[in-house]
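# Results of the structural survey
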Protein chains: 2
Amino acid sequence: MSPEYLSTHPDTTAGQTLERVRQRIDQTETIYALPVTDHDRKLVGIVGLRSVMKADPDTPIRDLMNNAVSARATESEERAARRSADERLIVLPIVDAEHRLVGILTFDDALQILEDAESEDSARQGGAEPLRRPYLSTPLRSLVRSRVVWLLVLALGATLTVQVLEVFESTLEQVVALSLFVPLIIGTGGNTGNQAATTVTRALALGDVRKRDVARVLWQEARTGFTLGVILGGVAFAVASLVYGMDFGLVIGLTMVALCTMAASVGGIMPLLASAVRADPAVFSNPFISTFVDATGLIVYFLIARAVLGL
Amino acid sequence: MSPEYLSTHPDTTAGQTLERVRQRIDQTETIYALPVTDHDRKLVGIVGLRSVMKADPDTPIRDLMNNAVSARATESEERAARRSADERLIVLPIVDAEHRLVGILTFDDALQILEDAESEDSARQGGAEPLRRPYLSTPLRSLVRSRVVWLLVLALGATLTVQVLEVFESTLEQVVALSLFVPLIIGTGGNTGNQAATTVTRALALGDVRKRDVARVLWQEARTGFTLGVILGGVAFAVASLVYGMDFGLVIGLTMVALCTMAASVGGIMPLLASAVRADPAVFSNPFISTFVDATGLIVYFLIARAVLGL
């Protein structure tokens, strides 16, 4: 935010405003859009320099100004920058709790904020801390440091799957062929969860979904996951039945239905939970989804196998 | 790109330019930055309206203009938009092969292009096609359609792991405990590959890495992956040795070293290969990495297990 702005008033004329712009041209961050304030310094609109130059000099700013999109000084700068970019604003006025103008965010500062945020998001979504230097000149130790903690955390989470499999070790010993599908099942669960999380994270960023929409997102994702599960499960049933027999086909097919429903539901609400605890949805979601879906997916798989195969 | 621009000449004065801006204020996309061209219409610089207004009216534009960053009309609009945003330009001049001005890209159009591209990238990285409507008003069938093809493709890829495990089924029957670590090993390979792919994809987007840097990226990632593998393998060796005995610890530890080296290398060069075949690195990389790393990771795991356990 910059405190160096130039504002004008609704009753000031275009000519007077233009004169003021000329006088103060060096003391302001930008002249291309001017916030309009009333006598209490409250923001009442915004006017583009182009409108001011185009108008008859006697026209009052009131007739030229537009409603101003603004941000509160207490909002996060990323939110303010996102709004500025979404609305394609050269200037986003920043106001206090009484809607008094306290500064401006120019489009170039907004772009800088968004670019930094996106580098971070993109790195964290892939499970690596953002680099501080260009990739090729980043030393080995920095690359390792940016990744090793996440890998260890994720590996620690994955030991949950080792424990789940240990619980079902006797089932595995009876039917070793069950282990053949473990990567396929875990992978499908992870993919389904990721798709849901990515879609909802983006919807959150665009403001299409809010924290309070948990129930609607859950309903949307549970149905989507179930439908995907029925399609994938159908295909899996057909293929696995042919190769490994009907019983096996049924186990794999039913597991797909249960797993996809669960994975999409968890994947969909995780970004909302993340934003509710003020964590970054991009960072928080994926590792939790994988860990949770991998472990519970295996439990579902073995329970269905035991029931269907009568073990 | 907009063909409705206003340009000026190096020998025109600030006063004349301002007069021309006033006359043509309705016929141009923006007045806040003006490309400067010579008598052959070749782009020689750019001048901000602010500089023009600030200057003495007799100052020639030559003394006010800056070097112009520009884009070729033949470039992809996403590249041009990225450059405009990187340089925080209100106007990016677009030129032909002879460097003659043919149009401008305004910052608001650039933001629109980048936003669309980012929605696409973000959706595709998560393995879902971008939605055309706000999430909560997207019908179930559209959500399913945006995800089902990728899920089926990924599941088809994952059947490779079923085949690999079938090849080693006798080994699995001899030592069922080997199957306990399958999710952990696959997961670690996938995470390591994803980290590398995310880092390199971002470096490509920022222009820090180019297609011809394949060898340097491979070297950087192989070393990073090896180092990560030694750290993770060390931890895994220590933990697995305690619980399952030294032999098992050695199998898991050595697998981690080989797997991380391989996964980071593949993950690092995949975005470069994608961009070499003009595919979107964000879409192309992750599924290929998972499929490849999952299958080869299991092969490596079982070969090491056979060697160490003497099966």
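Residues numbered from 1 in each chain as written. Chains lettered and ligands numbered in written order. Predicted model: local features only at pLDDT ≥ 70, side-chain atom pairs only at ≥ 80, totals over all residues. Heavy atoms only, no water.

## As for the overall build of chain A
- Each helix and strand counted, chain A has 10 helices and five strands in total.
- Relative to a compact globule of 311 residues, whose C-alpha radius of gyration would be 19 Å, chain A shows 28 Å and is clearly more extended.
- Taken along its principal axes, the extent of the C-alpha atoms in chain A is 90 × 45 × 30 Å.
- Buried residues in chain A amount to 56% of all 311 residues.
- Carbon and sulfur atoms form 55% of the exposed surface of chain A, whose accessible area is close to 13,400 Å².
- Distance between charge centres in chain A, computed from 28 positive and 34 negative side chains, equals 2 Å. (Helix = DSSP H or I, 4+ residues; strand = E, 2+ residues; numbered from the N terminus. Rg over C-alpha atoms; globule rule 2.2 N^0.38 Å. Buried < 20%, exposed > 50% of the residue type's maximum accessible area, 1.4 Å probe, protein only. Areas by Shrake-Rupley, 256 points an atom, 1.4 Å probe, with all protein chains shown as cover. Lys, Arg positive; Asp, Glu negative; His and termini not counted. Charge placed at Lys NZ, Arg CZ, Asp CG, Glu CD.)

## What to know about the pattern of salt bridges
- The final tally for this structure, using the stated rule, is 20 salt bridges over all chains.
- Between Glu221 of chain B and Arg147 of chain A there is a salt bridge; the shortest N-O distance is 2.8 Å. Note that Glu221 of chain B is positioned in helix 8 (residues 214–244) and Arg147 of chain A in helix 5 (residues 140–167), a pairing that runs across two chains.
- Through salt bridges with shared partners, a single network forms among Glu75, Arg79 and Arg83 of chain A. (Salt bridge = Lys/Arg side-chain N within 4 Å of Asp/Glu carboxyl O.)

## Comments concerning the sheet that holds strand 4 (residues 91–95) of chain A
Residues and elements named next belong to chain A.
- Ordered by their spatial adjacency, three strands build an open sheet running 3-4-5, and the pairing between neighbours is mixed. Since the sheet does not close on itself, it has two edges, and those belong to strand 3 (71–72) and strand 5 (101–106), each with one partner.
- Pairing analysis gives two bridges linking strand 3 to strand 4, with the strands arranged parallel. Paired with Ala71 across the bridge in strand 4 is Ile94.
- Its contacts with the sheet place helix 3 (residues 77–86) against strand 3, strand 4 and strand 5, and it is angled at close to 65° to strand 5. (Pairing = 2+ DSSP bridges. Contact = heavy atoms within 4.5 Å. Axes fitted to C-alpha atoms, helices over the stretch in contact; angles between N-to-C directions.)

## Here we look at the packing of helix 5 of chain A against helix 8 of chain B
- Taken N-terminus to C-terminus, the directions of helix 5 of chain A and helix 8 of chain B make an angle of 35°; their axes are 10 Å apart at the nearest point. Crossing hand, helix 5 of chain A versus helix 8 of chain B: right-handed. Residues Leu140, Leu143, Val144, Arg147, Val148, Leu151, Leu152, Val162 and Glu166 of chain A of helix 5 of chain A form the contact with helix 8 of chain B, whose own contacting residues are Gln220, Glu221, Arg223, Thr224, Thr227, Leu228, Ile231, Leu232, Val235 and Tyr244 of chain B.
- Residue composition of the contact of helix 5 of chain A with helix 8 of chain B, grouped by class: 12 nonpolar, three polar and four charged. (Left-handed = near helix turned anticlockwise from the far one by under 90°. Nonpolar A, V, L, I, M, F, W, Y, C, P; charged D, E, K, R; others polar.)

## Notes on the confidence of the model for chain A
All names here are of chain A.
- Across chain A, the average pLDDT comes to 90, with 98% of residues at or above 70.
- Highest mean pLDDT in chain A belongs to helix 8 (residues 214–244) (95); lowest belongs to helix 4 (residues 107–125) (81).
- Predicted as a complex, the structure gets a pTM of 0.75 and an ipTM equal to 0.74. (pLDDT = per-residue confidence, 0-100.)

## Regarding the nonpolar core
- Leu49 and Met53 of chain A together with Leu49 and Met53 of chain B are the most contacted members of the largest nonpolar core, which has 76 residues in total.
- In contact with Met53 of chain A, not counting residues within four places along its chain, are Leu18 of chain A together with Leu18, Val21, Arg22, Ile25, Ile31 and Leu49 of chain B.
- With 72 residues, the next largest nonpolar core counts Leu172 of chain A together with Leu165, Phe181 and Leu184 of chain B among its residues. (Core = buried A, V, L, I, M, F, W, Y, C linked by side-chain atoms within 4.5 Å.)

## Notes on the pairing of strand 4 (residues 91–95) of chain B
Residue and element names in this part refer to chain B.
- Within strand 4, five of the five residues are buried, which leaves it mostly tucked inside the rest of the structure.
- Side-chain alternation along strand 4 places Val91, Pro93 and Val95 on one buried face and Leu92 and Ile94 on a second face that is also buried.
- As consecutive antiparallel partners, strand 4 and strand 5 (residues 101–106) are separated by five residues, and within that stretch His99 has a phi angle of approximately 65°, a positive value.

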